[in-house]
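Each chain, letter by letter, is given below.
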Amino acid sequence: DFQNRIATGRFGNGRIPTDMIAEGLGIKKLVPAYRSPFLQPNDILTGVSFASGGSGLDPLTARIQGVIWVPDQLKDFKAYIAKLNSITGDEEKTKSIIANAVYVISAGNNDIALTYFPNPLRNMRYTPFSYANMMVSWTQSFMKELYSLGARKFAVMGTLPLGCLPGASNVLGGICLEPANAMARLFNQKLANEVNNLNSMLQGSRSIYVDMYNPLLGLVKKPLKSGFTWPTMPCCCAPMAPVPCMDSSRHVFWDFGHPSERAYQTIIPPIIQQIQQSFA
């Protein structure tokens, strides 16, 4: 469902939250990947994505998935700053762009769903409580590093209700797996507290916690209210349907692990408003 029906590397059937947030802030409709071979100078000036689908805070997460680990994404950001400086030709202007940009951070979903629960190297060694603490510590270090590079405005997304993702809920015939949801809530609460702490710790910065858990859970629990017919059956790759459904807008989820574009369109507007009000 993406424009021109092309594949872009996004984990979904269309635009994702960062695209919608950028549009809602009046910047641009699509946020291109920093590593895109088609990147233009104006893309550098107005914002790019450093994300790598399947990655996480835990080094094991990226290793399992064969993707770019979060600290390595930070290396890309450093290279980005150098490119930005060469385009502006003015170090002060570069610093101003970096300081006034909004940094949307989403990490933790894959660490819990793909690394902690299935992997004895993690679930036998760490309790949910200690692993969540470790994830929050990694997030803090990551944000401090961004801060040292000039970033000042952070919108930190919590995890989705992981037990309700089709890959988990289909195990019980569409019923959310409570252990996964419980750990997501545990991490989100700790993350929200840490984000608040960083406001006093990082002078001159502003950090907000963005709740992704409850808005998506609302669509799963009361789908008809928002016009969805299928709250837990994904459009793509469902057990009984090897090809995508005809109308993805009726499904809360696109595939086993990612909401549909329509689901994001439903939950993102209040988040855009939260970002606008927080960083105005």
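The coordinates are above.
Here goes a summary of the coordinates provided. (Residues numbered from 1 in each chain as written. Predicted model: local features only at pLDDT ≥ 70, side-chain atom pairs only at ≥ 80, totals over all residues. Heavy atoms only, no water.)

## Observations regarding the packing of aromatic side chains
Applying the stated criterion across every chain yields a total of eleven aromatic pairs. Here Y34 and Y80 contribute two aromatic rings whose centre-to-centre distance is 6.3 Å and whose plane-to-plane angle is 80 degrees, an arrangement assigned as edge-to-face. Note that Y34 is positioned in the loop between α1 (17–24) and α2 (41–46) and Y80 in helix α4 (residues 70–88), a separation of 46 residues in sequence. Aromatic pair Y131 and W138: ring centres 6.4 Å apart, planes at 85 degrees, arrangement edge-to-face. Linked through ring pairs, Y34, F50, F77, Y80, Y103 and F154 together constitute an aromatic cluster. (Phe/Tyr/Trp six-rings, centres within 6.5 Å; stacked < 30°, edge-to-face > 60°. Helix = DSSP H or I, 4+ residues; strand = E, 2+ residues; numbered from the N terminus.)

## Here's the deal with the sheet that holds strand β3 (residues 206–210)
With parallel pairing, the three strands of this open sheet are ordered in space as β1-β2-β3. Two strands bound the open sheet, and with one partner strand each, they are β1 (102–106) and β3. If you compare each strand with its neighbour and ignore which way they point, the axes differ by 20 degrees on average. As paired strands, strand β2 (residues 153–157) and β3 are joined by five bridges and run parallel to one another. The residue bridging A155 from the neighbouring strand is I208, located in β3. Running at roughly 165 degrees to β3, helix α10 (residues 178–201) makes contact with β2 and β3 of the sheet. (Pairing = 2+ DSSP bridges. Axes fitted to C-alpha atoms, helices over the stretch in contact; angles between N-to-C directions. Contact = heavy atoms within 4.5 Å.)

## Here's the deal with a nonpolar patch on the surface
There is a patch of nonpolar side chains on the surface, built from V171, L172 and I175 and spanning about 300 Å² of accessible area. Here V171 is to be found in the loop between α9 (166–169) and α10. Note on V171: relative accessible area 61%, which makes it exposed. (Patch = residues over 30% accessible without salt bridge, like charges linked within 9 Å, V, L, I, M, F, W, Y side chains within 5 Å. Areas by Shrake-Rupley, 256 points an atom, 1.4 Å probe, with all protein chains shown as cover. Salt bridge = Lys/Arg side-chain N within 4 Å of Asp/Glu carboxyl O. Buried < 20%, exposed > 50% of the residue type's maximum accessible area, 1.4 Å probe, protein only.)

## Re the pattern of salt bridges
Inspection of the entire model under this criterion finds ten salt bridges. For E91, the salt bridge identified is with K95, shortest N-O distance 3.9 Å. Linking E91 with K95, this pair stays in helix α5 (residues 91–100), spanning four residues, or about one helical turn. Classification of K95 by relative accessible area gives partly exposed; the value is 47%. Residue K95 is joined to E92 by a salt bridge in which the shortest nitrogen-to-oxygen separation is 3.9 Å. Linking K95 with E92, this pair stays in helix α5, spanning three residues, or about one helical turn.

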